[in-house]
Amino acid sequence: AQSVTQPDIHITVSEGASLELRCNYSYGATPYLFWYVQSPGQGLQLLLKYFSGDTLVQGIKGFEAEFKRSQSSFNLRKPSVHWSDAAEYFCAVGSSGGGADGLTFGKGTHLIIQP
Amino acid sequence: DAGVIQSPRHEVTEMGQEVTLRCKPISGHNSLFWYRQTMMRGLELLIYFNNNVPIDDSGMPEDRFSAKMPNASFSTLKIQPSEPRDSAVYFCASSPIGGGWNTEAFFGQGTRLTVV
């Protein structure tokens, strides 16, 4: 069965500093990987996704993520965070593109931005 | 498109009452998913439909939970009778069927259910 681990429950970063959120997955075949962001009281918004090809993927809001098969990781990065980035971030893995049979989500990482 | 629309946004009900959550997927999407989000368990897939047909309901916690999709533009998740431990945020999501670059799930804003 597929699974996702986000080892950091909370992360605090100063505004303007760089950010890396960790994600490790377990999946038997080629994974389809996603990062979603959830602002307070809102649904989930897709930041970026990896299906194949270039292992460094660019997303919205200045985020990027790198797929590393050898480490079973898909860490999310941003060079300089803004106060508006404070939110909950979810990594997810899916088979067949995540549409046919749903996604498995990590527990999420709560990002706090210090002024 | 207005995106995935869920109603109500908030629901407070008494234990033992029936609760019905509603979802309108994005037009043209063939897959629909119901998720439950709690602090303890995170986001869990409850059930999903392809072309209005339930494919996997193994995530439905108990027989008190049921879901239907009578047509391509509407789905319900019903809890009868409701219990306090059902309190959570319930998300509906939809996506096109099939793999490829355009297969991603679009989420509604969720229904926050509180059972007292």
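Everything quoted here is computed from the prediction, not taken from an experiment. (Residues numbered from 1 in each chain as written. Chains lettered and ligands numbered in written order. Predicted model: local features only at pLDDT ≥ 70, side-chain atom pairs only at ≥ 80, totals over all residues. Heavy atoms only, no water.)

A. Fine view of the overall build of chain A. Helices and strands together make up the secondary structure of chain A, namely zero helices and twelve strands. Starting at the N terminus and ending at the C terminus, chain A contains elements arranged as β-β-β-β-β-β-β-β-β-β-β-β. Against the 2.2 N^0.38 benchmark of 13 Å for 115 residues, chain A shows a C-alpha radius of gyration of 13 Å, consistent with a compact globule. Taken along its principal axes, the extent of the C-alpha atoms in chain A is 40 × 30 × 25 Å. Counting the 115 residues in chain A, one finds 47% classified as buried. A separation of at least 24 residues holds for 55% of the contacts in chain A among residues at least 6 apart in sequence. As displayed, chain A has an accessible area near 5,200 Å², and 49% of this comes from carbon and sulfur atoms. (Helix = DSSP H or I, 4+ residues; strand = E, 2+ residues; numbered from the N terminus. Rg over C-alpha atoms; globule rule 2.2 N^0.38 Å. Buried < 20%, exposed > 50% of the residue type's maximum accessible area, 1.4 Å probe, protein only. Contact = heavy atoms within 4.5 Å. Areas by Shrake-Rupley, 256 points an atom, 1.4 Å probe, with all protein chains shown as cover.)

B. Main features of the overall build of chain B. On a plain count of helices and strands, chain B comes out with zero helices and eleven strands. For chain B, the residues scored as buried account for 47% of the 116 residues in total. A separation threshold of at least 6 residues defines the contact pool for chain B, and within that pool the share at least 24 residues apart is 54%. Accessible area of chain B: about 5,700 Å², with a carbon and sulfur share of 51%. Each charge sign in chain B was given a centre, from 10 positive and 12 negative side chains, and these centres are 3 Å apart. (Lys, Arg positive; Asp, Glu negative; His and termini not counted. Charge placed at Lys NZ, Arg CZ, Asp CG, Glu CD.)

C. A look at the pairing of strand S7 (residues 65–71) of chain B. All names here are of chain B. Bridge analysis of S7 against strand S8 (residues 74–79) gives five bridges, and the strand direction is antiparallel. Its bridge partner lying in S8, Ala67 is registered against Leu77. Linking S7 back to S8 in an antiparallel pair, the connection comprises two residues. (Pairing = 2+ DSSP bridges.)

D. Inspection of the environment of Leu44(A) at higher detail. Mapped onto the fold, Leu44(A) is located in strand S6 (residues 44–50). Each C-alpha atom, one on Leu44(A) and one on Phe74(A), is 18 Å from the other, the two residues being 30 residues apart in sequence.

E. Seen up close, the sheet that holds strand S3 (residues 19–24) of chain B. Residue and element names in this part refer to chain B. Strand order in this open sheet of four strands is S1-S3-S8-S7, and the pairing throughout is antiparallel. Of all the strands in the sheet, just strand S1 (5–7) and S7 have a single pairing partner and so form its edges. Neighbour-to-neighbour, the strand axes of the sheet open up by a mean angle of 15°, direction not taken into account. (Axes fitted to C-alpha atoms, helices over the stretch in contact; angles between N-to-C directions.)

These values are about where atoms sit, not about what they do.
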